[in-house]
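Descriptive analysis of the structure
Read off the chains here:
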Amino acid sequence: MSLSATLANSPPIDSVGVAERVARFCTRSIKKSSKMEALKLALSMIDLTTLEGKDTEDKVRRLCYKARHLHVDLPDLPTVAAVCVYPTMVKVAREELNDCGVKVAAVATSFPSGQDDLSLRIRQTKGAVRHGAQEIDMVISRGRFLAGDYQYVTDEIVAVKEACGEAHLKVILETGELYTLENVRKASDIAIHAGADFIKTSTGKVQPAATMEVTLVMLEAIRDHFQETGKIVGMKPAGGISNSKIAIRYLVMLRETLGNRWLTPKLFRFGASSLANDLLMQIVKQSSGVYQSSNYFSID
Amino acid sequence: MAKKHSNKLDFDTGWHYDPAPESPELAKLKDSYDLFIDGKFVKPTSGKYFDTTSPSSQKILAKVAEADKRDVAKAVTAARKAYEGTWSRLRPSERGKYLFRIARVIQERSRELAVTESLDGGKPIRESRDIDLPLVAAHFFYHAGWADKLSYAFPGRKVGPLGVAGQIIPWNFPLLMAAWKIAPALATGNTVVIKPAETTPLTSLKLAEILQEVDLPPGVVNILTGAGSTGECIVRHPDVDKIAFTGSTEVGKLIRKTLAGTDKRLTLELGGKAANIVFEDAALDQAVEGIVNGIFFNQGHVCCAGSRLLVQESISEKLVRKLKDRMETLVVGDPLDKNTDIGAINSKEQLKKIQGYLKVGQREGAEIFQTSCPLPKRGNWCPPTLFLNASQSHRISQEEIFGPVLAIQTFRTVDEAIEKANNTPFGLSGGVWTDKGAKAFHVSERIKAGVVWNNTFNKFDPASPFGGYKESGFGREGGRHGLEAYLNISETGGNR
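No experiment lies behind these values; they were computed from the predicted model shown.

Attention shifts here to the overall build of chain B. Along its length, chain B carries 16 helices and 20 strands. Oriented by its inertia axes, the alpha-carbon framework of chain B measures out at about 75 × 50 × 35 Å. Taking all 496 residues of chain B together, 56% fall into the buried category. Partitioning the contacts of chain B with sequence separation of at least 6, the portion at a separation of at least 24 is 73%.

As structure tokens, then:
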């Protein structure tokens, strides 16, 4: 499909209706074994993230250790899906994680603003992949998008995708800067059209970050493309998903929009830093019947 | 166009929601309920009681008194006495205070009332908790505010109450319909004799307890349980000034015949066969949500349900696919489970009627689609159902089914959509889905129905008048318009 056909297919979005649908997901009451299953699933979908100017190699090493050893006392725990870092930290993260199954994801392409020459952004992407990044989280040029230059946005994604080689490409739309749900839908359609493996809501540096409304619109874009072309694309809400309750609501939304096929870390991720410990606390509560102090959960 | 793949979404396997039921104990039911006359619970003159059962578990919930002609006479006498002696003489602001009090106690006891409603009527607790009960309280609050402002509602005219109002309500929104009837009647200074439906009397009887709790003067509201014959006695009683009925068109016609030649005032809110019109430029995923709310809300036991879907041909395939996917996620089952989307069909008779239409639809040649959701063994259940390729002359497109059954037709032009939407003896509601404002207004103005929703469906508010065209009845409930049904409005003043 051409870009113009993709854009012509981009449907209108009624934000009132979207909010109502979201409210309905939030009335689902997840209890007992379905709750336990959801908690573990959510844990396995986390991209454990540290994206700060003050990050050091030691900090990244500690995070990688945490990624592999979530809790000493709990049996049958999954690991998180990936550790998400800046390109400079890819090497050390990859050393720590080796080939344990936890992937290394790097934010590239002049994260978080994307305000740089495309050639530099591509060089950064290639460098991160060369250092061992298995996943690349790129940002789109929101300014260009808002100016209506959809071709530019398409081309930059295509170019970064090519630079990724074998690495999976997550395309960050930074929905907090797109303002309307129709823009979110349009940007999702463009990203999927241009070859994204995942579409992702936010960098975490702009408010609002992930919301259920935005995520629903993106999931619906993924679903429509799947049903019309057979192409399977993953989804990553990032930023603001800080506790189990919210995470489970996202899973409900995911299940009722895309079905069980997407309930896997291969196709759904949470970009989050504090979510893991809350999930662990809830898992302990589910199995022991009592809440433990947060002091029993390590903060890295 | 892209090549069409048959890429099905999987909603059957994997992660499911465990049951999360409310406890039936929360309903705090008594074994037996008497009639509520003159502020007291009294035994029926005949000594007869009938069982009210749960449409889901089939268990008997309580015994309920059956009122006959003699009980109706007692109730009307009590209502007349209360009207002459206290209620019509009370300062309007005092009437308002009683209504405020009722509203607040309803809020306090809303969980108990919601559980009772779901137990007795079969609707999912999500709806009774999140829709019915908040609206019940809202109706009392809203009309409490009107009680001392009636002259502002009709500037330059004199208003006064009618007297004793006889009210008969259906089983689909038992407590909400009681609120729709009682709140405006009391706010305007009338007194009430009301009969809840035979299959769903319990929340009305709990309302009687609440009326006692707030010290409403005796006789202002009398609640008589019973079947159709009890209702008939109310309609025929010579000392009733006004009849308000919500229910089937068939019974509505009978009532109107009975009242011909009398000076009783009448409002009727009857059946419907509303069309939800979806244009190709609509926000489709949100339209799907509206269609689902339109027809599967309260198992389709909704007089204003969007039971016909008119979809523009260019998007019909896509829309139906989305609709089917959405339906696969609907949970049918225990009304008390917080995850239930579609509860039990209210009665065996109603289930039989719906099943009859399922046969009729297939015989007429429409293509049936039902979801694969497992149904409980005991109880009255009907999975959400679509009839594809329905035609305007099919009975399933013309007659009110009052169940979770949607007849889908396509159209090509705006005019065709309007014509099909209006080509029905009913005219209660309608839905228009388009992203284009001009089209929304153009079509909405031409749909002959009491309420037309644009890009939404089944939204209710006490400030918004509700009622029908044609065989859907006459008179409005809610809003300023709804007050008229309970008032004498004249240049010279009413009864007082």
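It is worth spelling out the nonpolar core at this point. Counting residues in hydrophobic clusters, the biggest one holds 251 residues, and the most contacted among them are Ala42(A), Val83(A) and Val171(A). With 11 residues, the single largest contributor to this core is helix H6 (residues 174-187) of chain B. There are two domains that each give this core at least three residues, and those are domain 1 (24-270 + 471-490) and domain 2 (275-461) of chain B. Among all residues touching Ala42(A), those that are not within four sequence positions of it are Ala247(A), Ile248(A), Leu251(A), Phe270(A) and Leu279(A).

Attention shifts here to the domain arrangement of chain B. Residue and element names in this part refer to chain B. Entries for chain B in the domain assignment read domain 1 (24-270 + 471-490) and domain 2 (275-461). Listed per partner, the contact involves 23 residues of domain 1 and 26 residues of domain 2. Those elements that provide at least two residues to the side of domain 1 that touches domain 2 are helix H3 (110-121) and helix H4 (125-146). Along the lines of polarity and charge, the residues of the side of domain 1 that touches domain 2 split into 9 nonpolar, 9 polar and 5 charged.

This paragraph deals with the pairing of strand S4 (residues 49-53) of chain B. Residue and element names in this part refer to chain B. Judged from the 5 bridges that link them, S4 and strand S5 (residues 60-65) form a sheet pairing that is antiparallel. Counted as the bridge partner of Phe50 is Val64 from S5. Between the end of S4 and the start of S5, which pair antiparallel, lie 6 residues, with Gln58 showing a positive phi angle near 70°.

Picture the strands of a sheet paired through backbone hydrogen bonds; they go either parallel or antiparallel. Spatial ordering of the open sheet is given by S1-S5-S4 (chain B), a layout of 3 strands whose pairing is mixed. Both edges of this open sheet fall to strand S1 (32-33) and S4 of chain B, since each of them pairs with a single strand only.

A few words on helix H3 (residues 32-44) of chain A. All names here are of chain A. Between the first and last C-alpha of H3 there are 19 Å, a value that for 13 residues agrees with the 18 Å anticipated at 1.5 Å per step. Within the span of H3, buried status applies to Lys35, Ala38, Leu39, Leu41, Ala42 and Leu43. In this structure, the buried residues of H3 make contact with strand S1 (46-49), helix H11 (244-258), strand S8 (270-272) and helix H12 (275-288).

Our next topic: the environment of Gly379(B). Considering the arrangement of structural elements, one finds Gly379(B) in the loop between strand S14 (367-370) and strand S15 (385-388). For the pair Gly379(B) and Pro196(B), spaced 183 residues apart in sequence, the C-alpha to C-alpha distance is 22 Å.

All names here are of chain A. Pairing in this open sheet of 8 strands is parallel, and the strands run S7-S6-S5-S4-S3-S2-S1-S8 from one edge to the other. Sheet topology places strand S7 (234-236) and S8 at the edges, where each strand pairs with a single neighbour. Pairs of neighbouring strands in the sheet enclose a mean axial angle of 25°, with direction left out of account. Both S1 and S8 contribute to a ladder of 3 bridges, which runs parallel. The residue bridging Asp47 from the neighbouring strand is Gly271, located in S8.

Let us now look at the interface of chain A and chain B. At the junction of the two partners, chain A supplies 32 residues and chain B supplies 28 residues. Contributing elements (two or more residues each) for the side of chain A that touches chain B: helix H2 (15-25), H3, helix H10 (212-229) and H11 of chain A. For the side of chain A that touches chain B, the class distribution of residues is 10 nonpolar, 10 polar and 12 charged.

Looking now at the packing of H2(A) against H10(A). All names here are of chain A. The interhelical angle for the contact between H2 and H10, taken along N-to-C directions, is 100°, at an axis separation of 9 Å. With respect to each other, H2 and H10 are oriented roughly perpendicular. Each of Val18, Ala19, Arg21, Val22 and Phe25 in H2 lies in contact with H10, whose residues at this interface are Met212, Glu213, Leu216 and Val217. In the contact of H2 with H10, the residues fall into 7 nonpolar, no polar and 2 charged.

Criteria and thresholds
- Residues numbered from 1 in each chain as written.
- Chains lettered and ligands numbered in written order.
- Predicted model: local features only at pLDDT ≥ 70, side-chain atom pairs only at ≥ 80, totals over all residues.
- Helix = DSSP H or I, 4+ residues; strand = E, 2+ residues; numbered from the N terminus.
- Buried ≥ 20, exposed ≤ 12 C-beta atoms within 10 Å, placed from the backbone.
- Contact = placed C-beta atoms within 7 Å.
- Core = buried A, V, L, I, M, F, W, Y, C linked by C-beta atoms within 7 Å.
- Domains from an automatic or database assignment.
- Nonpolar A, V, L, I, M, F, W, Y, C, P; charged D, E, K, R; others polar.
- Pairing = 2+ DSSP bridges.
- Expected span 1.5 Å × (residues − 1).
- Axes fitted to C-alpha atoms, helices over the stretch in contact; angles between N-to-C directions.
- Parallel < 35°, antiparallel > 145°, perpendicular 65-115°, else oblique.

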